Amino acid sequence: MLYKDKILKIKSISQGLRLLYVEDNESVRLTNAQLLTNFFTHIDIASNGLEGLEKFEQNHYDMIITDINMPIMGGIEMIERIRQIDNDVTILIVSAYSDTEYLTSSIKAGIQGYIIKPTSMEQLIDALENSIGYIKAKQSQKAYQISLKNQVDSESKKRQETEALLISQSKMASMGEMIGNIAHQWRQPLNELGLVIQSCKSAYEREILSADFIDSRVSKGMLLIEKMSSTIENFRNFYSPSKSQSNFSLIDSINKSLAIFEGAFRNNDIECVLEYEEGEDWRFYGYSDEFEQVFVNLLSNAKDSLVEHNNFERIIYINLKSVNSRIEIELCDNGIGLSNEVKKRLFEPYYTTKDDTKGTGIGLYMSKEIVSKHLKGSIEAYNKTYELRGKSHNGAAFKITLPHVKETEDAL
Ligand SMILES: Nc1ncnc2c1ncn2[C@@H]1O[C@H](COP(=O)(O)OP(=O)(O)OP(=O)(O)O)[C@@H](O)[C@H]1O
Ligand SMILES: [Mg+2]
């Protein structure tokens with residue numbers, strides 16, 4: 001590269017940089033400082049190591065050019081002390097000492113260049129070119145790290161926001177589910193209550209309204225009301241989160257989830273069969289409500305698919321197997337089944353084939369998150385043909401595989 005080009009190249013980088021120049025010999029200092037003003041817009045001067053160190057402690061510099069042999073504090077000691085504060089600043093030594101001992105100790109102190117005095121203009125420019133290249137590389141590395149960090153920060157923030165949104169939507173969805181299920185469960189007792197009230201009116205009209213009749217209707221009515229209020233109580237308990245992790249029975253949790261659908265299954269003629277080996281240990285350590293949330297999502301999907309398919313016999317078949325160190329819970333329905341497209345995408349957030357009022361498409365996404373992240377298991381979906389009471393059925397199946405995790409017995 002031409003001499004002129006080199007100067008231009010150095011200038012293009014050095015112009016915005018701050019330089020600390022440490023030199024005890026006044027005439028050398030003046031000459032070099034004059035020369036350096038061609039490159040640096042901001043130069044501070046110190047006449048010994050101590051003064052240099054003090055300036056460094058009070059200001060920010062991108063580069064230091066220093067002599068070695070100086071009164072009060074020498075260049076090597078100053079560099080060693082500066083290095084304790086800042087490992088990055090670029091340091092260039094200009095010294096009359098070509099002695100290897102000086103050279104080694106200055107390299108140990110961590111410098112980027114060494115020029116022997118008396119310096120020629122050319123020597124100085126070469127050394128500046130090297131050191132400035134080093135500063136530029138550091139700067140772009142730093143800028144890269146900062147932009148990388150910003151990118152990571154903004155991505156993880158976005159991820160947290162989406163996650164929070166999904167959780168709140170899933171909560172809303174299960175609220176909707178809960179209200180829908182209460183409605184199902186209330187339909188029958190509400191009808192009956194209506195009949196009880198009407199029977200009082202018609203008994204009065206037919207003039208057969210006796211005290212006994214009133215008594216029997218009131219107690220029937222009270223019974224129905226109790227049933228309805230216990231439904232609400234059950235739902236309230238179901239949807240209040242578990243306080244702590246425990247060894248809970250998977251069978252109890254499945255039955256609890258099924259009870260939630262009792263009314264909906266009855267009104268839609270859905271039969272549910274649960275099979276598992278008695279006497280096996282079906283306990284699992286974790287939050288029972290998380291497992292129940294997953295199960296409710298699967299039951300709700302099975303119900304939708306059965307209603308949509310509208311076949312004669314509607315069956316949900318659940319079976320539990322203990323395989324080596326794992327528990328496999330399979331839920332099959334004989335509804336519409338899974339097309340290839342649905343099978344590929346059903347665990348994606350917001351993927352739904354249902355209309356706006358019926359589905360948001362987060363049920364299975366949340367279920368997968370819970371199973372894999374919280375329960376440390378896995379969930380898969382496939383089509384399956386299964387035998388039940390000598391008849392063959394086919395539809396969608398979901399399998400949850402959980403590790404056999406239990407807390408130590410003494411914690412029970
Ligand atoms: N048992 C099943 N049989 C057939 N298709 C199913 C079954 N379960 C899920 N799917 C398909 O997978 C899609 C995604 O299910 P997911 O539970 O995530 O959302 P959704 O039920 O549509 O809405 P949400 O659960 O948020 O109310 C469903 O829209 C449906 O197309
Ligand atoms: Mg769903």
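Residues numbered from 1 in each chain as written. Chains lettered and ligands numbered in written order. Predicted model: local features only at pLDDT ≥ 70, side-chain atom pairs only at ≥ 80, totals over all residues.

**Q** How would you explain the overall build of the protein if you had to name every residue and give the values?
**A** The helix and strand inventory of the protein stands at twelve helices and twelve strands. Over its C-alpha atoms the protein spans a radius of gyration of 40 Å, topping by over 25% the 22 Å that the globule rule assigns to 412 residues. Taken along the three principal axes of its C-alpha coordinates, the protein extends 130 × 50 × 50 Å. When burial is assessed residue by residue, the protein has 26% of its 412 residues classed as buried. By sequence separation, contacts in the protein at least 24 residues apart represent 70% of the contacts at least 6 residues apart. (Helix = DSSP H or I, 4+ residues; strand = E, 2+ residues; numbered from the N terminus. Rg over C-alpha atoms; globule rule 2.2 N^0.38 Å. Buried ≥ 20, exposed ≤ 12 C-beta atoms within 10 Å, placed from the backbone. Contact = placed C-beta atoms within 7 Å.)

**Q** Run through helix α4 (residues 75-85), naming residues and quoting values.
**A** Buried residues of α4: Gly 75, Ile 76, Met 78, Ile 79 and Ile 82, and no others. Summarising the axial view, the buried residues of α4 lie within an arc of 160°, below the 170-degree limit, and thus occupy one face. (Arc of directions from axis to C-beta.)

**Q** A description of the site of ligand 1 should follow, citing residues and the corresponding values.
**A** Within the structure, ligand 1 sits among 23 residues, and Asn 301, Thr 352, Gly 359, Gly 363 and Leu 364 are positioned closest to it. Listed by contribution, the elements that provide at least two residues to the shell around ligand 1 are α10 (288-309) and α12 (363-374). Here the shell around ligand 1 takes four residues from α10, the largest share from any one element. Of the residues contributing to the shell around ligand 1, the split by class is eleven nonpolar, ten polar and two charged. (Near = placed C-beta within 6 Å. Nonpolar A, V, L, I, M, F, W, Y, C, P; charged D, E, K, R; others polar.)

**Q** Talk me through the nonpolar core; I want residue IDs and the actual numbers.
**A** In this structure, Phe 295, Leu 298, Ile 316 and Leu 331 are the most contacted members of the largest nonpolar core, which totals 35 residues. If one sorts the elements of this core by residue count, α10 sits on top with eight residues. Counting 27 residues, the second largest nonpolar core, distinct from the first, contains Ile 10, Val 22, Leu 53 and Tyr 61. (Core = buried A, V, L, I, M, F, W, Y, C linked by C-beta atoms within 7 Å.)

**Q** Hey, could you go over the environment of Ile 232 for me, with residue numbers and the actual values?
**A** Note on placement: Ile 232 falls in helix α7 (residues 211-239). The exposure class assigned to Ile 232 is partly exposed, which follows from the 13 C-beta atoms found within 10 Å. For the pair formed by Ile 232 and Gln 185, sequence separation is 47 residues and the distance between their alpha carbons is 9.6 Å.

**Q** Let's hear about the sheet that holds strand β10 (residues 326-333): which residues, and what values?
**A** The strands that make up a sheet are held in pairs by hydrogen bonds between backbone atoms, and each pair lies either parallel or antiparallel. Spatially, β7-β9-β10-β12-β11 is the arrangement adopted by the five strands of the open sheet, whose pairing is mixed. Every interior strand has two partners, whereas the edge strands, β7 (270-275) and β11 (378-388), have only one. Across the sheet, the mean angle separating the axes of adjacent strands is 20° when strand polarity is ignored. Bridge analysis of β10 against strand β12 (residues 391-403) gives seven bridges, and the strand direction is antiparallel. Note that in β12 the partner of Leu 331 across the bridge is Phe 398. Each of β11 and β12 touches α12; the most contacted strand, β11, lies at about 105° to it. (Pairing = 2+ DSSP bridges. Axes fitted to C-alpha atoms, helices over the stretch in contact; angles between N-to-C directions.)

**Q** Go over the environment of Glu 275, please, and point to the residues and values.
**A** When you line up the elements, Glu 275 lands in strand β7. On a C-alpha basis, the gap between Glu 275 and Tyr 134 in space is 71 Å, while along the polypeptide they are 141 residues apart.

**Q** Describe the environment of Ser 12, with residues and values.
**A** Note on placement: Ser 12 falls in helix α1 (residues 3-14). A residue is classified by how many C-beta atoms lie within 10 Å of it, and Ser 12, with 11 of them, is exposed. Along the primary structure Ser 12 and Tyr 285 are separated by 273 residues, whereas in three dimensions their C-alpha atoms are 65 Å apart.

**Q** How would you summarise the sheet that holds strand β4 (residues 90-95) if you had to cite specific residues and measurements?
**A** Overall, parallel pairing links the five strands, which are arranged β2-β1-β3-β4-β5 in an open sheet. Bordering the open sheet on either side are β2 (42-46) and β5 (113-116), each of which pairs with just one other strand. Strand-to-strand, the axes of this sheet are offset by a mean angle of 15°, without reference to chain direction. Bridging between β4 and β5 involves four bridges; their strand directions are parallel. Bridging from a neighbouring strand, Ser 95 pairs with Ile 116 of β5.

**Q** Give a description of the packing of α10 against α12 that names residues and reports values.
**A** In contact at an axis separation of 9 Å, α10 and α12 are set at 150° when each is read in the N-to-C sense. The way α10 lies across α12 gives a crossing that is left-handed. Only Gly 363, Leu 364, Ser 367, Ile 370, Val 371 and His 374 of α12 make contact with α10, whose side of the interface consists of Glu 290, Gln 293, Val 294, Asn 297, Leu 298, Ser 300 and Asn 301. (Left-handed = near helix turned anticlockwise from the far one by under 90°.)

**Q** Please set out the domain arrangement of the protein residue by residue, giving values where relevant.
**A** Under the domain assignment, the protein is made up of domain 1 (3-119) and domain 2 (244-403). Distance between the C-alpha centres of domain 1 and domain 2: 72 Å. (Domains from an automatic or database assignment.)

**Q** Provide a residue-level description of the packing of helix α3 (residues 49-58) against α4, including the pertinent values.
**A** Describing two packed helices takes the angle between their axes plus the distance from one axis to the other. At a minimum axis distance of 9 Å, the contact between α3 and α4 shows a crossing angle of 20°. In this view, α3 runs roughly parallel relative to α4, as classed from their interaxial angle. In terms of crossing hand, the pair formed by α3 and α4 is right-handed. Two secondary-structure elements touch here, α3 through Gly 49, Gly 52, Leu 53 and Phe 56 and α4 through Gly 75, Glu 77, Met 78, Arg 81 and Ile 82. Here the residues of the contact of α3 with α4 sort into four nonpolar, three polar and two charged. (Parallel < 35°, antiparallel > 145°, perpendicular 65-115°, else oblique.)

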